[in-house]
Amino acid sequence: MNSILPLANSQQWLSLANCDDPRLKSELVIIRSNLRDARQAGVNVPGQGEAGSLEHNQHQKNSRLIEQAGLLWQIEADREAAQFGIQLLQKYAEGYQAMPFHQQKNTNPPGKLFHQLLNEHMWLLYASLGYGYLKSSLSIEQQQQIEQGLFQPMLTLFCETYAHDFDRIHNHGLWAVAAVGICGIVLELPHYVDCAIYGLAGDSRQGGYLAQIDRLFSPSGYYLEGPYYQRFAIRPLYLFAEALHQHRPALEIYQYAQQRIARTTEALLQTAYPDGRFPALNDASRSMNTEDEGVLIATQLYRLRYGEHALIERCYRQQQRCWPYPAAPLSDTVFAGCYESVELTEGEQGDAGAQGILRALAANGEVTQVMMAYGQHGMGHGHFDTLGITLYAQGREVLREYGFARWVNVESKFGGRYLPENQSYARQTVAHNTVTVDQCSQNQANAALADRVHGRRHFFIATKEVEQGATLTAMSAFANQHYPGVDMQRTVLLLTLAEHSAPLLIDLYRLQALQPHQYDYSLHYQGQIVATSLDYQRESCWSPLGETSGYQHLLLTAQSAVTQPFSITWLQGAHFTSWHSAASGGEVLFTYTGGDDPQFNLRNEPGLILRQHAAGDHLFASVFESHGYFDEASEQCYDACGKVQQLRVVGHNLEGSVLEMTLEQQRWQLMISNQPNLTAVTENQLEFNGNSFRWQGFIAIRRIA
């Protein structure tokens, strides 16, 4: 045994040198350039530094250089590259044991090379891969020096010194078991491989790789912490799986838990926007996309171990980069579509709510996508945003997620770590497109409370044809445990009409409470307001909306009383979005982030809040319309006003809700059941203002004029 993945100098590896894939050729050029520059600069093993510091970045770079040196040794038998990788390993082996630990500055245990143990796990994984590729070129004395001075002390550190952290069910824990398992395979120490697979207790439940798969990934494949951390966790998930496939074939890891590794790859790609970016759910970057290394590895190994799948193939062909590893050949199959509505259930048994994703096509073929969270909290990285939505239309995110408050690896911004505003704003309910009750976040912004509850599916309709050639896709969910004494239900649907160029998002947010409450229906957008029917008043002096729960960070820039249904239109890029509300009372608050932010940590972004006070059954009813085109360079603009003219609530109660929507010469009636235990054949009957409304199932839409 000389290598972690395919055996040393195998025909698979050597074939990569002559591969025709331009992406692979480009990757090899990058690797050769990295190693050439590093050799010219000389071996550089620095001391300690903060996240984002030169020292931190160099240690990260060195682990990848070790891996890349091994790759070139495998693929091209490059002895100069191999020697450089060996020198790096030897330098680390000379000093690792004597290094002190970093000073602990957050809840994560500190390492010796890095400020947190997670980075040390990542370093070990890549250095172990590189060492596995290089091991055959080392003398016995060199192997002993590196293993005894570096790898074995690291294994002891992770499995003994930090044993309490090793079995943590978390993305950190997944990196830990993958690093220890791969290192154990390289060093031929089966005890560590077993610990990595089955956990320190050996029961595959309290910890270990199998427990991580069982407990972090639902049967649908959705990852508890959200897509940003899913693309991060999928890297060690696949790297260790491939190592086990090669060296513990009896485990049949790719078949484990009904192919859950395959399911999680599909689920991750299902969450992505059409442009490849992942929605910034929970603590997440707004820029993460399918070019991430974890996704590159996942798509390539999925194709190799599971075969063709339309969603995987579409992503694989769209990616501009690849992972340098033997891959399955491209087939001649044409994979069309792949943009469908899907519900990704959460929880170990798939019974803890879900993430619902609706998709519909505009007339020009562009995808409109709505995502609603009605699942679990997301552990330490979760946000208090149940029933929050995001909207992607006409090539951009229209209703936005803030993501994390963090400047990754920017040393001057708290060492690149999560900022205080991540807790005080980004995670708070008002920072999301949902409803905040009494200016307090869901579950009192307490993660322990939030982890014990989840949303509950009401219904999910992937696609349904209605009259006049219209189609819809819809979902509805309850969240009755997130505010004491307040039950919540949100129903969203995409309605595609033949006469309208883009699908309409219809949003019904219903709240039920015996006592009166203040309800803030929040929207976060990007762009310039160009029209509104509101008679708003600008604030001459911007001041925060409150003192806690994220309101201290929202500056009030304008406000307007609401006396009748209204609309607000903004321009974002080349397209317009109009928000049409059926509200006939309350007030609209125009906001801007940046209050109580002495270090300028927050991004300055606009927002809208429809504030109403109510007791009993209360309903926010809205339609979002994407329309028009604007090109400043050519001075062209059309359809800036849209077609929706009015949205009216006919009536609503515990049984159901009825709305009417007017679009130019058309009037549509929408009926939705609010009954919690209905089926597709449930008969519904409501009466409002002397008019009777009947329909079967979850939802009905009729053209009435």
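To keep things clear, this report deals only with the structure shown in the data block. Predicted, not measured: the structure shown is a model, and the values here were computed from it.

Next up on the list: the overall build of the protein. From N to C terminus, the protein includes 16 helices and 25 strands. On C-alpha atoms alone, the protein measures out to a radius of gyration of 27 Å, which is about the 27 Å that the 2.2 N^0.38 rule sets for 705 residues. Reported as C-alpha extents along the three principal axes, the dimensions of the protein are approximately 90 × 60 × 55 Å. Counting over 705 residues, the protein shows a buried share of 61%.

Turning next to helix α8 (residues 171-187). Taking 1.5 Å of rise per residue, 17 residues should cover 24 Å, and α8 covers 24 Å from first to last C-alpha, within 8% of that figure. In terms of burial, α8 is a largely internal element, 17 of the 17 residues being buried. Glutamate 188, located one to two residues past α8, shows a positive phi value of around 55°.

The next subject is the sheet that holds strand β5 (residues 396-399). Picture the strands of a sheet paired through backbone hydrogen bonds; they go either parallel or antiparallel. Spatial ordering of the open sheet is given by β1-β2-β3-β4-β5, a layout of five strands whose pairing is antiparallel. Each edge of the open sheet carries a strand with a single partner, namely β1 (342-345) and β5. Within the sheet, the average angular offset between the axes of one strand and its neighbour, ignoring direction, is 20°. The pairing of β1 with strand β2 (residues 354-361) spans four bridges and is antiparallel. Note that in β2 the partner of threonine 345 across the bridge is alanine 354.

Moving on, we come to the packing of aromatic side chains. Enumeration according to the criterion identifies 26 aromatic pairs in this entry. Measuring from ring centre to ring centre gives 5.2 Å for tryptophan 175 and phenylalanine 232, while their planes differ by 40°; the resulting arrangement is tilted. One end of the pair, tryptophan 175, is in helix α8; the other, phenylalanine 232, is in helix α11 (residues 227-247), and 57 residues separate them in sequence. The pair formed by tryptophan 175 and phenylalanine 232 is uniform in burial state, with each residue classed as buried.

This part takes up the pairing of strand β24 (residues 691-696). With six bridges joining them, strand β23 (residues 683-688) and β24 adopt antiparallel strand pairing. Following the sheet pairing, asparagine 684 is matched in β24 by tryptophan 695. Between β23 and β24, which pair antiparallel one after the other, the connecting turn spans two residues, and asparagine 689 there sits at a positive phi close to 55°.

Between helix α6 (residues 140-161) and α8, the least distance of the axes is 11 Å, while the angle of their chain directions is 145°. In this structure, the crossing between α6 and α8 has a hand that is left-handed. Residues Glu147, Phe151, Gln152, Leu155, Phe158 and Cys159 of α6 form the contact with α8, whose participating residues are Val180, Cys183 and Leu187. For the contact of α6 with α8, the class distribution of residues is seven nonpolar, one polar and one charged.

For the rest of this paragraph, the subject is the side chain of asparagine 119. Checked against the element boundaries, asparagine 119 lands in helix α5 (residues 117-134). We classify asparagine 119 as buried; its relative accessible area is 8%. A distance of 3.1 Å separates the side chain of asparagine 119 from the side chain of glutamine 116, its partner in a polar contact. Sequence-distant contacts of asparagine 119, that is, excluding residues within four places in its chain, are made with His56, Gln60 and Phe114.

What follows covers the pairing of strand β14 (residues 566-572). Counting buried positions along β14 gives six out of seven residues, so the element sits mostly inside the fold. Examined bridge by bridge, β14 and strand β15 (residues 575-581) share seven bridges and lie antiparallel to one another. Paired with threonine 569 across the bridge in β15 is serine 578. Linking two consecutive strands that pair antiparallel, namely β14 and β15, is a turn of two residues; a positive phi of about 70° is found at glycine 573 within it.

Enumeration according to the criterion identifies 30 salt bridges in this entry. The shortest N-O distance in the salt bridge between glutamate 27 and arginine 321 comes to 2.7 Å. Taken as a pair, glutamate 27 in helix α2 (residues 22-41) and arginine 321 in the loop between α14 (310-318) and β1 lie far apart in primary sequence, 294 residues in all. Residue classification places arginine 321 among the partly exposed residues on the basis of a relative accessible area of 39%. A salt bridge links lysine 135 to glutamate 147, with the nearest nitrogen and oxygen atoms 3.6 Å apart. Note that lysine 135 is positioned in the loop between α5 and α6 and glutamate 147 in helix α6, a separation of 12 residues in sequence. Like lysine 135, the residue glutamate 147 is buried in the burial classification. Overlapping salt bridges, with partners in common, bring together Arg64, Glu67, Arg235 and Glu293 in one network.

With antiparallel pairing, four strands are arranged side by side in an open sheet as β20-β21-β22-β25. Among the strands making up the open sheet, the edge pair consists of β20 (644-652) and β25 (699-703). On average, each strand axis in the sheet is tilted by 15° relative to the strand beside it, whichever way the strands run. Pairing of β20 with strand β21 (residues 656-663) involves seven bridges; the strand directions are antiparallel. Bridging across to β21, leucine 647 finds its partner in methionine 661.

Counting 106 residues, the largest nonpolar core has Phe151, Tyr209, Tyr238, Phe240 and Ile261 as the members making the most contacts within it. Residues within four places of tyrosine 209 in sequence aside, it is in contact with Leu174, Val177, Ala196, Ile197, Pro236, Leu237, Phe240, Ala241, Leu244, Ile253 and Ile261. Leu387, Val492, Leu523 and Ala558 belong to the second largest nonpolar core, which has 46 residues in total.

On to the environment of arginine 359, then. Note that arginine 359 resides in strand β2. Assessed through its relative accessible area of 8%, arginine 359 is described here as buried. In this structure the C-alpha to C-alpha distance between arginine 359 and alanine 211, which are 148 residues apart in sequence, comes to 33 Å. Engagement of the side chain of arginine 359 in a polar contact is seen with the side chain of glutamine 369, the distance being 2.9 Å.

A few words on unusual backbone geometry. Trans peptide bonds make up the majority, and among non-glycine residues the majority have a negative phi. Phi is positive for glutamate 188, which is not a glycine, with a value near 55°. For glutamate 188, the location among the structural elements is in the loop between α8 and α9 (190-198). You will see that asparagine 689, though not glycine, has its phi angle at about 55°, which is positive. With a relative accessible area of 70%, asparagine 689 lands in the exposed category.

Positionally, glutamine 58 belongs in helix α3 (residues 54-76). Take glutamine 58: its relative accessible area is 17%, and that puts it in the buried class. Sequence-distant contacts of glutamine 58, defined by excluding residues within four places in its chain, comprise Asn44 and Pro46.

Before going further, it helps to examine the packing of α8 against helix α10 (residues 209-216). Between α8 and α10, whose axes approach to 9 Å, the crossing angle comes to 155°. As judged from the angle between their axes, α8 and α10 are roughly antiparallel. Between α8 and α10 lies a crossing whose hand is left-handed. Contact residues: α8 offers Asn171, Gly173, Leu174 and Val177, while α10 offers Tyr209, Gln212 and Leu216. The residue makeup of the contact of α8 with α10, split by class, is four nonpolar, three polar and no charged.

Here is what the cut-offs are and how they apply
- Residues numbered from 1 in each chain as written.
- Predicted model: local features only at pLDDT ≥ 70, side-chain atom pairs only at ≥ 80, totals over all residues.
- Heavy atoms only, no water.
- Helix = DSSP H or I, 4+ residues; strand = E, 2+ residues; numbered from the N terminus.
- Rg over C-alpha atoms; globule rule 2.2 N^0.38 Å.
- Buried < 20%, exposed > 50% of the residue type's maximum accessible area, 1.4 Å probe, protein only.
- Expected span 1.5 Å × (residues − 1).
- Pairing = 2+ DSSP bridges.
- Axes fitted to C-alpha atoms, helices over the stretch in contact; angles between N-to-C directions.
- Phe/Tyr/Trp six-rings, centres within 6.5 Å; stacked < 30°, edge-to-face > 60°.
- Left-handed = near helix turned anticlockwise from the far one by under 90°.
- Contact = heavy atoms within 4.5 Å.
- Nonpolar A, V, L, I, M, F, W, Y, C, P; charged D, E, K, R; others polar.
- Polar contact = N/O pair within 3.5 Å; in protein donor to acceptor, adjacent residues only side chain to side chain.
- Salt bridge = Lys/Arg side-chain N within 4 Å of Asp/Glu carboxyl O.
- Core = buried A, V, L, I, M, F, W, Y, C linked by side-chain atoms within 4.5 Å.
- Parallel < 35°, antiparallel > 145°, perpendicular 65-115°, else oblique.

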